[in-house]
Amino acid sequence: MDKSKLVCGEHMKVTLEIPDRVWWRLVDAAEKQGKSTSELMSQVATGITHPDPIERLHTIGYTDAEIAAQTGLLLRTVAERRRRLGLPPNKRTSKREIRRAA
């Protein structure tokens, strides 16, 4: 792709394969923030709004335990950093809640 021909404001179509549970977390997080899912995904993917991995994963709905598993950090470390960032803990979304929302 010739990047010299891109004009600011143009968009690129990208196809992603992500697990259903991650998709529904993104949808839920976008709704809570009043953003479109594609807008949230763009910001999260580029790290523009959340360069810290704990903040980024928290934004899309991951619990402390899930963040610890994804990053390889201790659960205690994740919880402490999340609190220092002033973020409330995310509740685990049950399958029943996901089905109800769909």
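Residues numbered from 1 in each chain as written. Predicted model: local features only at pLDDT ≥ 70, side-chain atom pairs only at ≥ 80, totals over all residues. Heavy atoms only, no water.

This part is about the environment of Ile18. Along the polypeptide, Ile18 turns up in the segment before α1 (20-33). Ile18 gets classed as partly exposed once you look at its relative accessible area, which sits at 32%. Non-local contacts of Ile18, meaning those with residues more than four positions away in its chain, are made with Trp23 and Leu26. (Helix = DSSP H or I, 4+ residues; strand = E, 2+ residues; numbered from the N terminus. Buried < 20%, exposed > 50% of the residue type's maximum accessible area, 1.4 Å probe, protein only. Contact = heavy atoms within 4.5 Å.)

Before going further, it helps to spend a moment on the pattern of salt bridges. Inspection of every chain in the model, using the stated rule, returns four salt bridges. A salt bridge links Glu66 to Arg25; the nearest nitrogen and oxygen atoms lie 2.6 Å apart. Of the two residues, Glu66 is situated in helix α4 (residues 64-71) and Arg25 in helix α1; the sequence distance between them amounts to 41 residues. With respect to burial, Glu66 and Arg25 carry one shared label: buried. Two residues, Asp52 and Arg81, come together in a salt bridge whose shortest N-O distance is 3.1 Å. One end of the pair, Asp52, is in the loop between α2 (37-46) and α3 (53-59); the other, Arg81, is in helix α5 (residues 75-84), and 29 residues separate them in sequence. (Salt bridge = Lys/Arg side-chain N within 4 Å of Asp/Glu carboxyl O.)

A word on the packing of aromatic side chains. Considering all chains together, one arrives at zero aromatic pairs under this definition. Between Arg25 and the ring centre of Tyr62, over which it is positioned, the NZ or CZ distance is 4.6 Å. (Phe/Tyr/Trp six-rings, centres within 6.5 Å; stacked < 30°, edge-to-face > 60°. Lys NZ or Arg CZ within 6 Å of the ring centre and 35° of its normal.)

Attention shifts here to the nonpolar core. The biggest cluster of nonpolar side chains holds 13 residues, and the ones touching the most others in it are Leu26, Leu40, Leu57, Ile60, Tyr62, Ile67 and Val78. Elements with a contribution of two residues or more to this core: α1, α2, α3 and α4. Examining the composition of this core, we find that four residues originate from one element, α1, more than from any other. For Ile60, the residues in contact, after removing those within four places along its chain, are Arg25, Leu26, Ala29 and Val44. (Core = buried A, V, L, I, M, F, W, Y, C linked by side-chain atoms within 4.5 Å.)

Time to look at the confidence of the model for the protein. Put simply, the protein has an average pLDDT of 79, and 75% of its residues get 70 or more. Per-element confidence in the protein ranges from a low mean pLDDT of 51 for helix α6 (residues 95-101) to a high of 94 for α5. (pLDDT = per-residue confidence, 0-100.)

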